[in-house]
Amino acid sequence: MDFRDPETGLAFSAPSPLVIGQRRGHRGHDFVIEIHSDDPALPRAGTSKSLCGAALKTQPEEVRVLDQAALNDPEMLQGQVESVRATLALMGRVGSIEPLDFGNGVRGVAAVMTPHFGPDHANVRQYIALAETPAYRISLSCATTAAALDRARPLFEALIRTLRIETER
């Protein structure tokens, strides 16, 4: 299943059994696209209303002046890894964090975290990925159970490899 927003150029493909849901507003983002699972072995967890959300946020002017090569620079990416690690550590235990490829040659960061709070939080695994483009920050946030993470992670990573901006505003 494919998604494309003609205004922003956000595009991605959801591998089966993932299903693209509704577009919704979200504080701190331009919008979020819900992603659900048709497979009961891939449950959503915690307080999430969907398995994942793909989100977009317009960049501030200081990022908009950079090109993609600068944003993909290994030093810039390492700074992003450390920033994500520090931010997530405030909310939970970070199990892994690593650089990975999004679509259209964009490099980003993905992390797995166990939250410190929330319903059944010890059994929740959040998979969070983000990448910077000159126009937008692209992110994917997923919440599933600890038991389902090994099955879900390859699907999340396949989805991330397709997350891209096809056109800049």
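These notes cover the structure that comes with them. (Residues numbered from 1 in each chain as written. Predicted model: local features only at pLDDT ≥ 70, side-chain atom pairs only at ≥ 80, totals over all residues. Heavy atoms only, no water.)

Turning our attention to a nonpolar patch on the surface. Residues Leu90, Met91 and Phe117 make up a contiguous nonpolar surface patch of about 350 Å² in total accessible area. With respect to the element layout, Phe117 can be found in the loop between β7 (107-115) and β8 (124-132). (Patch = residues over 30% accessible without salt bridge, like charges linked within 9 Å, V, L, I, M, F, W, Y side chains within 5 Å. Areas by Shrake-Rupley, 256 points an atom, 1.4 Å probe, with all protein chains shown as cover. Salt bridge = Lys/Arg side-chain N within 4 Å of Asp/Glu carboxyl O. Helix = DSSP H or I, 4+ residues; strand = E, 2+ residues; numbered from the N terminus.)

Moving on, we come to the state of the cysteines. Taken as a whole, this structure holds one disulfide when the rule is applied. Paired through a disulfide, Cys52 and Cys142 show a sulfur-sulfur distance of 2.1 Å. An S-S torsion of about 110° defines the bridge between Cys52 and Cys142 as right-handed. In this pair, Cys52 is assigned in strand β5 (residues 52-58) and Cys142 in strand β9 (residues 136-145), connecting sequence segments 90 residues apart. The exposure class of Cys142 is buried, given its relative accessible area of 1%. (Disulfide = S-S within 2.5 Å. Buried < 20%, exposed > 50% of the residue type's maximum accessible area, 1.4 Å probe, protein only.)

Looking now at the layout of surface pockets. There is about 1400 Å³ of room inside the largest pocket. What lines the largest pocket is a set of 47 residues, among which His26, His29, Gln126, Ile128 and Ser141 lie closest to the centre. In the lining of the largest pocket, the residues fall into 24 nonpolar, 16 polar and seven charged. (1 Å grid on protein atoms, 1.4 Å probe; cavity = no way out; pocket = protein on both sides within 12 Å on 5 of 7 lines; lining within 4 Å. Points joined across faces, edges and corners; volume = space filled by probe spheres on them. Nonpolar A, V, L, I, M, F, W, Y, C, P; charged D, E, K, R; others polar.)

A few words now on the pairing of β8. Across the nine residues of β8, eight count as buried, placing the element largely inside the fold. Two strands pair when backbone bridges link them, and β7 and β8 are joined in this way by six bridges, in the antiparallel orientation. Considered in β8, the bridge of Val109 is made with Leu130. Following β8, the chain reverses through three residues before pairing antiparallel with β9. (Pairing = 2+ DSSP bridges.)

Let us look at unusual backbone geometry. Leaving glycine out, the prevailing phi sign among residues is negative, and the prevailing peptide bond configuration is trans. With an omega of 15°, the peptide bond between Ser16 and Pro17 qualifies as cis. For Pro17, the position within the fold is in the loop between β2 (10-13) and β3 (18-26). Even without a glycine there, the phi angle at Asn104 is positive, about 55°. Locating Asn104 in the fold gives a position in the loop between β6 (92-101) and β7. The phi torsion at Asp120 lies on the positive side, around 50°, for a residue other than glycine. Positionally, Asp120 belongs in the loop between β7 and β8.

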